[in-house]
Amino acid sequence: MDKIKKHTRTRAQESSNAIERMYITMRHLFNRGFYKPMGVSGETLREALLLLRPEIYGSIAEEKAELEGLLYVVDRLPEGIEECSYINLTSDEGYSDSHFKVIVPPKRRRNCYRIDDEQMNIEITRGRSEIYDILTHLTFLFVESHKISKRVLIDDEGTTIRDWGKLESAVLRHKKLTQKEREIAITHTANILGRTFNEISEVYSEFSTEHQPERFLNIVYWLGKLAIEEVVKGNKRTVTFSPVLRERLGHHIHGEEWAENIKAVLKDNNLINRPIHIISANMHSVMNSLFAEAALTSLKKKSTDIYSLYEELSQPESDTLRKKVEDLALKNGMIFIKDTSGTNINVQIFDTDKIDFAKTGFDYKETNALDKLVIIVMDYAFGEQAYETMDELLKPVLNKKNKIHLDVESISVMGKAGILQGGKGDVMIPSAHIFEGTADNYPFKNELCKKDMVDCGVDVYEGSMITVLGTSLQNKEILKFFKNSTWNVVGLEMEGAHYQKAIQAASRVRGSINENVKVRYAYYASDNPLETGSTLASGGLGATGVKPTYVITKKILEQIFNP
């Protein structure tokens, strides 16, 4: 009799299961209304994250502290959250009209409010993906905090090592340290974190802000302090979800208001019946592609090529140049819609009837004003929010007498994504979106192809893209599986499947828009999560992303103007 074959799970299968457990757990905790991240209720989340060991969180499963992952997380959470024992996730519940000062994290557009010394409120207006993002980051933060408490506590009474007392005295002075004082504090902190003096010195300035130059020490101290209080006194940190948030989530409240605002502007400007092209991108590439050359003629003469002009515009100190381009655009057919719905997605509308194409690098032949196209550029959505916003935008406009169906001729999505086969700045052209954790897949005819990008000066890859539930949960084993299997995945991002689901529903099922609407997807690589040192935690693209951004934008606009 043949021996029964033993099935051993691969690391990729274990990791996939860990991600699934995390999302089921997060939904359960959300429905429950509260949980204690380092208590029994948060145990499943902690265990799954430690089993998964995402690339972005580096050495989370080791005893030493993770520095790059910590920087990545604190840039996406409100300043001061490390000092708070109570974190309350709310809907848009009117705090913007209160005396509370809004806190916006540097790398995430979300409004947060420090209620008192112990509580931080975080507004959730972008759907479940935002909750997943925050809870994952908080779990990482609290795991790291307990590493600190383990290294500094000597006994159950709360006695700590000498290094902790020295760090505490440096932090509680609440003043800028001299170079000597800072290096003494770094020495003690290095011992607490299990890192070298050199490692901490290298990242120290990246944590600093203008009004809090010693922020790194403050973060380490307060993370450790609250973890020590949990261990010694049992004062567990708590995450709560407001009743209004639990009631509103999933009902497209913010997306509906956002879409209605756009349609109202289209109606007010007599653009509602014109051919419409929608582009999901940033708030500068389309505007600059159409108006930068005309607005900055003297700078263009000095530039070696058009991309060096765009690079100059992307510099942090180029506010004056950007203002010139924006002013010219606003005088020549651009309408800017500042978001007031809570989606944090601003919009630009371009009326091509008011654009002088002789002053642009594009050729557009249409002469009939009623047939001249309108371009709607929407800023990046976040995860599941892409479905909510696109689904609402493509719905007909309701009048008292009838419905007005938008004449949407094309929908283009340009974004950043992680790449699996190349490096930062390379381009990915998807042929299908696969939704991670499900069997859902969305094949489509992409109007863009590899040969369209031959002049971009970087490598271009075609294949499937995986829409992940959260970039902060990816690990090498899962990504290697998708790359090397017959799924033929070239990259990962968070919105593609959600956009395509909304587009297919509107065009193929609901009949809201033309069944043959053209779609374009192209992504430029912000990171390669399979390469150590090239993950999102290693820093931004900088100037590397300028050329692929504008090459993709140019190709999208060329196809729109000359289909």
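Thresholds applied
- Residues numbered from 1 in each chain as written.
- Predicted model: local features only at pLDDT ≥ 70, side-chain atom pairs only at ≥ 80, totals over all residues.
- Heavy atoms only, no water.
- Helix = DSSP H or I, 4+ residues; strand = E, 2+ residues; numbered from the N terminus.
- Buried < 20%, exposed > 50% of the residue type's maximum accessible area, 1.4 Å probe, protein only.
- Core = buried A, V, L, I, M, F, W, Y, C linked by side-chain atoms within 4.5 Å.
- Contact = heavy atoms within 4.5 Å.
- Pairing = 2+ DSSP bridges.
- Polar contact = N/O pair within 3.5 Å; in protein donor to acceptor, adjacent residues only side chain to side chain.
- Patch = residues over 30% accessible without salt bridge, like charges linked within 9 Å, V, L, I, M, F, W, Y side chains within 5 Å.
- Areas by Shrake-Rupley, 256 points an atom, 1.4 Å probe, with all protein chains shown as cover.
- Salt bridge = Lys/Arg side-chain N within 4 Å of Asp/Glu carboxyl O.
- Lys, Arg positive; Asp, Glu negative; His and termini not counted.
- Charge placed at Lys NZ, Arg CZ, Asp CG, Glu CD.
- Axes fitted to C-alpha atoms, helices over the stretch in contact; angles between N-to-C directions.
- Parallel < 35°, antiparallel > 145°, perpendicular 65-115°, else oblique.
- Nonpolar A, V, L, I, M, F, W, Y, C, P; charged D, E, K, R; others polar.
- Phe/Tyr/Trp six-rings, centres within 6.5 Å; stacked < 30°, edge-to-face > 60°.
- Lys NZ or Arg CZ within 6 Å of the ring centre and 35° of its normal.

Colleague: How would you explain unusual backbone geometry if you had to name every residue and give the values?
Modeller: A positive phi is found at His-252, a non-glycine position, where the angle reads about 60°. Mapping His-252 onto the fold places it in the loop between helix H9 (243-248) and helix H10 (253-268). Among the residues examined, His-252 registers a relative accessible area of 16% and is labelled buried. Of note in the backbone geometry, Asn-344 takes a positive phi value of approximately 65° without being a glycine. We classify Asn-344 as partly exposed; its relative accessible area is 21%.

Colleague: An account of the nonpolar core is needed here, citing residue identities and associated values.
Modeller: The tendency in soluble globular proteins is for nonpolar side chains to be buried as a group. Counting residues in each nonpolar core, the largest one holds 88 residues, and the members touching the most others are Leu-89 and Phe-216. A total of 11 residues in this core trace back to one element, the largest contributor, which is helix H4 (residues 128-152). Excluding residues within four positions of it along the chain, Leu-89 makes contact with Ile-122, Ile-124, Ile-131, Ile-134, Leu-135, Val-239, Thr-240, Phe-241, Ser-242 and Leu-245.

Colleague: Could you give an account of the sheet that holds strand S2 (residues 86-90), naming the residues involved and the relevant values?
Modeller: Taken in spatial order, the 6 strands line up as S1-S6-S2-S5-S4-S3 in an open sheet, and their pairing is mixed. Lying at the two open borders of the sheet, with one neighbouring strand each, are strand S1 (34-35) and strand S3 (102-103).

Colleague: Can you lay out the side chain of Ser-410 for me, pointing to particular residues and giving the numbers?
Modeller: Among the secondary structure elements, Ser-410 is positioned in strand S13 (residues 408-419). Under the relative-accessibility criterion, Ser-410 is labelled buried at 1%. Here the side chain of Ser-410 touches His-277 through a polar contact of 2.6 Å, side chain to side chain. The contact partners of Ser-410, leaving out residues within four places of it in the chain, are Ile-276, His-277, Ile-278, Val-517, Lys-518, Arg-520 and Ile-560.

Colleague: Tell me about a negative patch on the surface, and name the residues and values.
Modeller: Together, Asp-305, Glu-311, Glu-312 and Glu-317 make up a negatively charged patch on the protein surface. Relative to the helices and strands, Glu-312 is located in helix H13 (residues 306-314). By relative accessible area, which is 35% here, Glu-312 ends up partly exposed.

Colleague: Explain the pairing of strand S18 (residues 518-527) to me, using residue names and the numbers behind them.
Modeller: Of all 10 residues in S18, 9 are buried; the element is thus mostly enclosed. Relative to S18, S13 runs parallel, the two sharing 9 bridges. Pairing of Ala-417 across the sheet is with Ala-525, part of S18. Across 2 bridges, the pairing between strand S14 (residues 427-435) and S18 is antiparallel. Counterpart to Val-427 in the pairing with S18 is Tyr-524.

Colleague: Give me the pairing of strand S6 (residues 238-241): which residues, what numbers.
Modeller: With 2 bridges joining them, S1 and S6 adopt antiparallel strand pairing. Paired with Tyr-35 across the strands is Val-239, a residue of S6. In terms of strand pairing, S2 meets S6 through 4 bridges, oriented parallel. Bridging across to S6, Asn-88 finds its partner in Thr-240.

Colleague: How would you sum up the packing of H4 against helix H6 (residues 179-193)? Please name residues and give values.
Modeller: Each pair of packed helices can be summarised by the angle the axes make with each other and by the distance between the axes. Between H4 and H6, whose axes approach to 8 Å, the crossing angle comes to 100°. Taken as axis vectors, H4 and H6 run roughly perpendicular relative to one another. Touching Ile-148, Arg-151 and Val-152 of H4 are Asn-191, Ile-192 and Leu-193, all from H6. A class-by-class count of the residues in the contact of H4 with H6 yields 4 nonpolar, 1 polar and 1 charged.

Colleague: Before we move on, can you summarise the packing of aromatic side chains with the specific residues and values?
Modeller: Taken as a whole and judged by the stated rule, the model has 18 aromatic pairs. The interplanar angle of 35° and the centroid separation of 5.7 Å between the aromatic rings of Tyr-95 and Tyr-113 together place this pair among those described as tilted. Of the two residues, Tyr-95 is situated in the loop between S2 and S3 and Tyr-113 in strand S4 (residues 112-114); the sequence distance between them amounts to 18 residues. Residue classification places Tyr-113 among the buried positions, given a relative accessible area of 2%. Relative to Phe-561, the ring of Phe-357 has its centre 5.0 Å away and its plane inclined at 80°; by these criteria the two rings are edge-to-face. Of this pair, Phe-357 sits in the loop between strand S9 (347-351) and strand S10 (374-378) while Phe-561 sits in helix H18 (residues 546-561), and the two are 204 residues apart along the sequence. The pair Phe-357 / Phe-561 is uniform in exposure class, with both members buried. A network of ring pairs unites the aromatic residues Phe-357, Phe-362, Tyr-364 and Phe-561 as a single cluster. One cation-aromatic arrangement involves Arg-32 over Phe-34; the distance from NZ or CZ to the ring centre is 4.5 Å. One residue, Lys-501, lies across the ring of Tyr-387, its end atom 4.8 Å from the ring centre.

The values are spatial; any link to function lies outside them.
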